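Below, each chain spelled out in residue letters.
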Amino acid sequence: MSRKMIIAGNWKMNKTPSEARAFVEELKPLVAGADAEVVCCVPAIDIIPAVEAARGSNIVIGAENMYFEEKGAFTGEISPDMLVDAGVTYVILGHSERREYFAETNETVNKKVLKAFEHGLKPIICCGETLTQREQGITIDWIRQQIKIAFLGVTAEQAKAAVIAYEPIWAIGTGKVATAEQAQEVCGAIRSLIREIYGDDTAEAIRIQYGGSVAPKNAGEIFSQPDIDGGLVGGASLKPEFGQVVNWK
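Residues numbered from 1 in each chain as written. Predicted model: local features only at pLDDT ≥ 70, side-chain atom pairs only at ≥ 80, totals over all residues. Heavy atoms only, no water.

Helix 2 (residues 47-54) packs onto helix 1 (residues 17-31) with a crossing angle of 25° between their chain directions and a minimal axis gap of 8 Å. It follows from the interaxial angle that helix 1 and helix 2 lie roughly parallel. As for the relative orientation of helix 1 and helix 2, their crossing is right-handed in sense. Residue-level contacts link Pro 17, Arg 21, Val 24, Glu 25 and Lys 28 of helix 1 to Pro 49, Ala 50, Glu 52, Ala 53 and Ala 54 of helix 2. Class assignment for the residues of the contact of helix 1 with helix 2 results in 6 nonpolar, no polar and 4 charged. (Axes fitted to C-alpha atoms, helices over the stretch in contact; angles between N-to-C directions. Helix = DSSP H or I, 4+ residues; strand = E, 2+ residues; numbered from the N terminus. Parallel < 35°, antiparallel > 145°, perpendicular 65-115°, else oblique. Left-handed = near helix turned anticlockwise from the far one by under 90°. Contact = heavy atoms within 4.5 Å. Nonpolar A, V, L, I, M, F, W, Y, C, P; charged D, E, K, R; others polar.)

Structure below.
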């Protein structure tokens, strides 16, 4: 089965609504002929102008987070219905920054994953290890645990539509990049785990991204690995060079 590459930008807390609109307009011609699916995951306040700017292009807009309740007294949160109505397709869930700064756990990530599927949103489910965990040799064990809990209650058909983003925490925004071999080792282990849980069909269908200081200079080597189906791109997704990452071939 040939999986369509998916290259998603994670803007994090960057760009005002007017900057978002202008950047998407600038990006459109740079990625127009891309083989990969092109996604910009933007801050909540930027979603509507970004969706409007992307209309008619091959750029899809995603969100950076979502709450697991439909509505209610959850000040500052955003519901799946709000995202769907605004025109969002993908939503990043369980990013390491959400876990570190906002106390997200594997269990809350699982609740969000289930809720995203319930509303037809495609989750980009993040996993990754710290430098200490890598040095202690527990990377694969750690990531298997994150994935197993995130996918509790998820059906095989739903899992096929999910995206898993492997981001070694020690490589996010640090300029350090996992070698292509390190990235492939973990992404291959993730696919093996999905095969254990769901079988061959789902394992072959699910797309697994690498994230962590992806840039034009290293995208080709990383994206050429057999179990890596694209990237979750941070800093480079905020600049026109994102077009070079998308067109890495």
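With that settled, the discussion passes to the pattern of salt bridges. Following the criterion strictly, the structure yields 17 salt bridges and no others. Across the salt bridge formed by Glu 118 and Lys 115, the nearest N and O atoms sit 3.3 Å from each other. Taken as a pair, Glu 118 and Lys 115 lie in helix 5 (residues 106-118) at a separation of 3 residues, close to a single helical turn. Overall, Lys 115 belongs to the buried group, its relative accessible area being 14%. Arg 191 is the salt-bridge partner of Asp 227, the closest N and O atoms lying 2.6 Å from each other. Of this pair, Asp 227 sits in the loop between helix 11 (216-223) and strand 8 (230-233) while Arg 191 sits in helix 9 (residues 180-198), and the two are 36 residues apart along the sequence. Here Asp 227 matches Arg 191 in class, with each residue buried. When salt bridges with common partners are traced through the structure, they connect Arg 3, Arg 191, Arg 195, Asp 200, Glu 204, Asp 227 and Asp 229 into a single cluster. (Salt bridge = Lys/Arg side-chain N within 4 Å of Asp/Glu carboxyl O. Buried < 20%, exposed > 50% of the residue type's maximum accessible area, 1.4 Å probe, protein only.)

Another aspect to go through is the environment of Glu 26. For Glu 26, the location among the structural elements is in helix 1. Relative accessible area serves as the criterion here: at 41%, Glu 26 is assigned to the partly exposed category. A sequence separation of 213 residues divides Glu 26 from Lys 239, and the C-alpha atoms of the two residues are 9.5 Å apart.

All right, on to the side chain of Glu 129 then. Structurally, Glu 129 can be placed in the loop between strand 5 (122-127) and helix 6 (131-135). Overall, the relative accessible area of 0% leaves Glu 129 in the buried class. Within the structure, Glu 129 has its side chain in polar contact with the side chain of Arg 134 (distance 2.8 Å). Among the polar contacts made by the side chain of Glu 129, one reaches the side chain of Trp 170 at a distance of 3.1 Å. (Polar contact = N/O pair within 3.5 Å; in protein donor to acceptor, adjacent residues only side chain to side chain.)

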